[in-house]
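Architecture at a glance
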Amino acid sequence: MDRRLADRRLADRRIATLSPGAGSIGFALAADQISKAVVNANSDTLAGGIPVVPGFNLIFLRNDGVTFGMLGGAPWWALSGLALVVTVWLAVLLVRTDSRLDAAAYGLVIGGALGNVVDRLRIGAVTDFLDVYVGTWHWPAFNLADVAVVGGVGLLLLSEFWQARNSRRRKGRADRG
């Protein structure tokens, strides 16, 4: 009986840890695909750009490369294949983590990567529509999948920082105690 209870508690902990990851995948993928559907439906209006606030426009662009247009002209299937390999690796890390924050972060990166893979499979390129600028200098256009990837990586870095800080604190207490 004790073994069953221990197994059940372990399963409950795994679900509690993996749930933020699964939720983040779904959220990032849905937000990305819904926003791109709206942008694609309004592509004629957005082609010239629509100012939202100073420093931010909505636009319609197709990017056949990766981040910042790098690898432009590379075959869509190669970029999709690479993204799927990275996604599988991240899914393994997500399943292995004991941290809910890390699980959510991996989920954001996976969801964002899958959002751009869906575009490549459907149209051979990624729809970008967020244009941030200062003066005449424009950051390369991006989309919500990119936001999810960068946000997920940021959370992973923050998690690593917190873990290192907590480890130093525990070590300091142990040295004093």
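Right, let's walk through the structure included here. Just so it is clear, the structure is predicted and the values come from calculations on it, not from any experiment.

1. A look at the overall build of the chain
- Looking only at helices and strands, one finds five helices and four strands in the chain.
- Written out in order from the N terminus, the α and β elements of the chain read α-α-β-β-α-α-β-β-α.
- When burial is assessed residue by residue, the chain has 32% of its 177 residues classed as buried.
- Partitioning the contacts of the chain with sequence separation of at least 6, the portion at a separation of at least 24 is 69%.

2. So, the environment of Arg122
- Inspection of the secondary structure puts Arg122 in helix α4 (residues 100–123).
- Apart from residues no more than four positions distant in its own chain, Arg122 is found in contact with Gln33 and Asn40.

3. Focus on the nonpolar core
- Listed in full, the six residues of the largest apolar core are Val39, Leu46, Phe60, Phe129, Leu130 and Phe142.
- The contacts of Leu130, once residues within four sequence positions are left out, are Phe56, Asn57, Leu58, Ala141, Phe142, Asn143, Leu144 and Val147.

4. Here we look at α4
- Taking 1.5 Å per residue, 24 residues should reach 34 Å; α4 reaches 34 Å between its end C-alpha atoms and fits that length.
- Buried residues dominate α4, accounting for 17 of its 24 residues.
- If you check the start of α4, you find a side-chain oxygen 3.3 Å away from the backbone N of Leu101, and it comes from Ser99.

5. Some words on the pattern of salt bridges
- One pass over the full model with this rule turns up three salt bridges.
- The partner of Lys36 in a salt bridge is Asp119, with the nearest N and O atoms 3.0 Å apart. Of this pair, Lys36 sits in helix α1 (residues 2–41) while Asp119 sits in helix α4, and the two are 83 residues apart along the sequence. The pair formed by Lys36 and Asp119 is uniform in burial state, with each residue classed as buried.
- With a shortest N-O distance of 3.8 Å, Arg122 and Asp119 are connected by a salt bridge. Taken together, the positions of Arg122 and Asp119, both in helix α4 and three residues apart, correspond to about one turn of that helix.

Calculation notes
Residues numbered from 1 in each chain as written. Predicted model: local features only at pLDDT ≥ 70, side-chain atom pairs only at ≥ 80, totals over all residues. Heavy atoms only, no water. Helix = DSSP H or I, 4+ residues; strand = E, 2+ residues; numbered from the N terminus. Buried < 20%, exposed > 50% of the residue type's maximum accessible area, 1.4 Å probe, protein only. Contact = heavy atoms within 4.5 Å. Core = buried A, V, L, I, M, F, W, Y, C linked by side-chain atoms within 4.5 Å. Expected span 1.5 Å × (residues − 1). Polar contact = N/O pair within 3.5 Å; in protein donor to acceptor, adjacent residues only side chain to side chain. Salt bridge = Lys/Arg side-chain N within 4 Å of Asp/Glu carboxyl O.

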